[in-house]
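Structural overview for review
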Amino acid sequence: MKKWYKESKWRNLVDMHINDWNPDFMSKFSSEVYADNMHTAKLDAAELYTGNCLGICYFPTEVGHMHNGLKGKDITGPTLAALKARGLHTIAYFNMWCRWGFDTHPSWRMISADGKNSMQIGFSGQGRYGLCCPNNEGYREYTRAQIKYLCEHYDFDGMWIDMIGWFTMICHCSSCRDRYFNETGREIPRKVDWTDPEWVAYQRRRQAWFVDFTHIVNDTARAIKPDVTMAFQSGSWLSGWFNGTSDEFIDLSDYLAADIYGTALECSVVCKCMNNLTLNKPIEYMTSRCVHLYHHTINKSKEEMRILVYGAIAHNAAFTFIDAINPDGTMDKRLYEMLGSLKEEFVPYFKYWRPDATMLRDVTVYSNMESLFDPHSSQQKGFSVCSSLEPFASALIADHLLYDMAFKKNRIKEICEQSKVVFLNNAYMLHDNEIEVLEAYVKNGGSLIITYLTGMYDPNGGLRNDFALAKLMGVHFESETIEDVTYINPEDHAKELFLNFDHQYPMSVISSAVKVKLDQGVAVLAKLTLPYSHSTENYRFASAISNPPGIETDYPAVTVNRYEKGKVMYIAMPIQADKFDAVKEVTTTLIRHMLPTQTYISTNAPKWLETLLYHDDESNFYQLFLVNSMDAFYSAEVNNVEVVLNLPDKIKSVVNVKTGEFIPFTNKDSNITIKFGLVHDFGMYILQPE
């Protein structure tokens, strides 16, 4: 039986994180009004709160706390029924944070290494949330009972489980300490150190405990409702190692869903990552109608919402609007009228919506879950995946290189087969299966780019003696520079690859670099130059403000090695993380240097207009998207865009999906040239092969 989410495109979630100390709170909630609003918005699925982040329930819970403002009235059952009556798929939302449990059962609390709890540490600048430990038996039984009650008493198509995982702190409560000691015979380490096998072993236990707790929810629900779909908040992986996310956790969701509050650029990055992580498509891209969740009455404009929907459609994702209910339980009908009118704009695009279409790409940026950490940080805090990826993504978009981003190690073979270049993006910990696939990829003619400390950390902890891919690279680890500002000094024969940088003015990178030694036959494109001193030196420095280049070395900074049929580039610094256009342009020039064949697309489009290309095997057509992917909100347009496509098929028609008009084009050899008129923030075009 086809799952409901396979055809669902337009969804809604209403945040109901309402406290109940005031008897007026939630007193005006109406199931019929709620369902009418969903119908007005022309939704096909609604995600209904059954329990909020305060541990307050909207059903007569047997083990927890029901909202006082409801005065014992169950709103979950009637609202689900009202939604069903209007033809909507229904998803029961339940939040794993539990302030009620935190207050009522102090032994359930997560506790930091210095004895603080989540109310004292806070989350997003506020200490309102009470977090309970997934290892505490009382809390585990409470969770099992809540899920059991919901599944036994209500009819719904799916469950959406929010805020599951390790948040705010590394937990040192008695339940965690006892469990770790019973499983390992050791105490929980207190220092974050990715070179220490003991710390890495503990991190692997945190990941395993996360999966174990998720199974309580998953297995309880599926035992009662075998056909129910399960979606666990997958945004936790965007904080890297800190929340304990793993491939095993990701695979417990039928489809991936995450609430994202950033720009169109963030949408581009996150959707690509999620499409490569999810078991099934479409993914669910969610964003709030508020500018941010704490802006209760400040909404995004219709134009802002439209651009984010464009980004989701360009990645064949389902779109979910997040509303926030008023404390008394009322809702703003105007929002749902706006959403309904917005839906009408997208109906033509939904006709050609193909979640399972294959994304064509020139380069795939690859890492894995285990590598989402800062090797130089010992702080117990999250690692921002988006912040680390967005500068690189913006460089690829500006240069109109079709790109994808992937983190799933058991899909690396598929990723390599579909990519002209694979760029290993700080993949510090490489597993045996990844090493084996990458070696075969290069042997068979693949192009690989490796940077910085990629492959230098053992997945079980500790530093390797050499790069995991040293054989492919022809490059061997010697040491890391003490200096935290370093320079790439182009060799004369390769200076065109480094654009405006040269021997006198080498390219600076705000990072340490790796000193390496080479095998014979490895080509050197640039060498390492160092500043006169470390940036923290207060006496023997060259410039009081900057750290200009001063010490030339013979250490290679950029190399290329031919390995059987393929080639491997090594860059001694993480230049892909740089935010400046001058460095971004060098990064994409180096990628183009490694391309074994012509790119899929060449265009005169402006830097803010991203191009995406898919092939749908079932319908045998190509989707071409032109979409505004800027890192700030601006509605924009451009005239006279020309796109040249290098495709394996001869094309017989190009259709503008919005207007239904056929667009003139020319075919020559393997290239098709399309000249567009005015292009606004978004365009979707269907190319039909002969």
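Here the structure is shown first, and the text comes after it.
Residues numbered from 1 in each chain as written. Predicted model: local features only at pLDDT ≥ 70, side-chain atom pairs only at ≥ 80, totals over all residues. Heavy atoms only, no water.

1. Details of the overall build of the protein chain
Scanning the protein chain from terminus to terminus reveals 16 helices and 30 strands. The C-alpha radius of gyration computed for the protein chain amounts to 26 Å, which stays within 12% of the reference 26 Å derived for 690 residues, consistent with globular compactness. Per-residue burial over the protein chain gives 60% buried out of 690 residues. Look at the contacts in the protein chain between residues 6 or more apart in sequence, and 77% of them connect residues 24 or more apart. Counting only carbon and sulfur atoms, one obtains 48% of the accessible surface of the protein chain, whose full area is about 26,700 Å². Separation of charge centres in the protein chain, based on 66 positive and 85 negative side chains, amounts to 2 Å. (Helix = DSSP H or I, 4+ residues; strand = E, 2+ residues; numbered from the N terminus. Rg over C-alpha atoms; globule rule 2.2 N^0.38 Å. Buried < 20%, exposed > 50% of the residue type's maximum accessible area, 1.4 Å probe, protein only. Contact = heavy atoms within 4.5 Å. Areas by Shrake-Rupley, 256 points an atom, 1.4 Å probe, with all protein chains shown as cover. Lys, Arg positive; Asp, Glu negative; His and termini not counted. Charge placed at Lys NZ, Arg CZ, Asp CG, Glu CD.)

2. Regarding empty space enclosed by the protein
Under the definition given, this model contains two cavities of 30 Å³ or more. There is about 80 Å³ of room inside the largest cavity. Lining the largest cavity, in full, are Met96, Trp97, Met110, Leu131, Cys132, Pro134, Tyr139, Met163, Ile164, Gly165 and Phe213. By volume, the second largest cavity is sized at about 40 Å³. (1 Å grid on protein atoms, 1.4 Å probe; cavity = no way out; pocket = protein on both sides within 12 Å on 5 of 7 lines; lining within 4 Å. Points joined across faces, edges and corners; volume = space filled by probe spheres on them.)

3. Looking at the packing of helix α9 (residues 264-277) against helix α12 (residues 385-398)
Describing two packed helices takes the angle between their axes plus the distance from one axis to the other. Following both chains from N to C, one finds α9 and α12 inclined at 105°, their axes separated by 9 Å at the closest point. One way to sum up the angle between α9 and α12 is to call them roughly perpendicular. Residues Leu265, Glu266, Ser268, Val269, Val270 and Cys273 of α9 form the contact with α12, whose own contacting residues are Cys386, Leu389, Glu390, Ala393, Ser394 and Ile397. Residues that form the contact of α9 with α12 fall into these classes: eight nonpolar, two polar and two charged. (Axes fitted to C-alpha atoms, helices over the stretch in contact; angles between N-to-C directions. Parallel < 35°, antiparallel > 145°, perpendicular 65-115°, else oblique. Nonpolar A, V, L, I, M, F, W, Y, C, P; charged D, E, K, R; others polar.)

4. Focus on the nonpolar core
Formed by 222 residues in total, the largest nonpolar core has its most connected members in Ile488 and Phe498. In terms of residue count, the dominant contributor to this core is helix α7 (residues 197-224) (10 residues). Aside from chain neighbours lying at most four places away, what touches phenylalanine 498 is Ile488, Pro490, Leu525, Ala526, Val558, Val586 and Leu590. (Core = buried A, V, L, I, M, F, W, Y, C linked by side-chain atoms within 4.5 Å.)

5. With respect to the packing of helix α10 (residues 302-314) against helix α11 (residues 333-350)
Taken N-terminus to C-terminus, the directions of α10 and α11 make an angle of 30°; their axes are 11 Å apart at the nearest point. Considering the angle they form, α10 stands roughly parallel to α11. The hand of the α10/α11 crossing is right-handed. Side by side, α10 and α11 meet where Lys302, Met305, Arg306, Val309, Tyr310 and Ile313 of the first sit next to Met338, Ser341, Leu342, Glu345, Phe346, Tyr349 and Phe350 of the second. (Left-handed = near helix turned anticlockwise from the far one by under 90°.)

6. Notes on unusual backbone geometry
Excluding glycine, residues mostly carry a negative phi; peptide bonds, for their part, are mostly trans. A cis geometry characterises the amide bond from lysine 281 onward to proline 282, with omega recorded as 10°. Looking at where proline 282 falls in the secondary structure, it is placed in strand β9 (residues 280-288). Of note, histidine 400 is a non-glycine position whose phi angle comes to about 60°, a positive value. As for its position among the elements, histidine 400 is in the loop between α12 and β13 (403-406). Here histidine 400 falls in the buried class, since its relative accessible area comes to 6%.

7. Considerations on the pairing of strand β10 (residues 318-324)
Along β10, seven of the seven residues are buried, which leaves the element largely enclosed by surrounding structure. The side-chain alternation of β10 yields two buried faces, one formed by Ala318, Thr320, Ile322 and Ala324 and the other by Phe319, Phe321 and Asp323. Relative to β10, strand β1 (residues 10-15) runs parallel, the two sharing six bridges. By the bridge assignment for β10, valine 14 is matched with aspartate 323. The sheet contact formed by β9 and β10 spans five bridges and is parallel. Note on β10: the bridge partner recorded for serine 288 is isoleucine 322. In the classification by handedness, the crossover that spans β9, the intervening α10 and the parallel β10 is right-handed. (Pairing = 2+ DSSP bridges. Right-handed = clockwise from strand over helix to strand, strands pointing away.)

Purely spatial values, then, with no claim about function.
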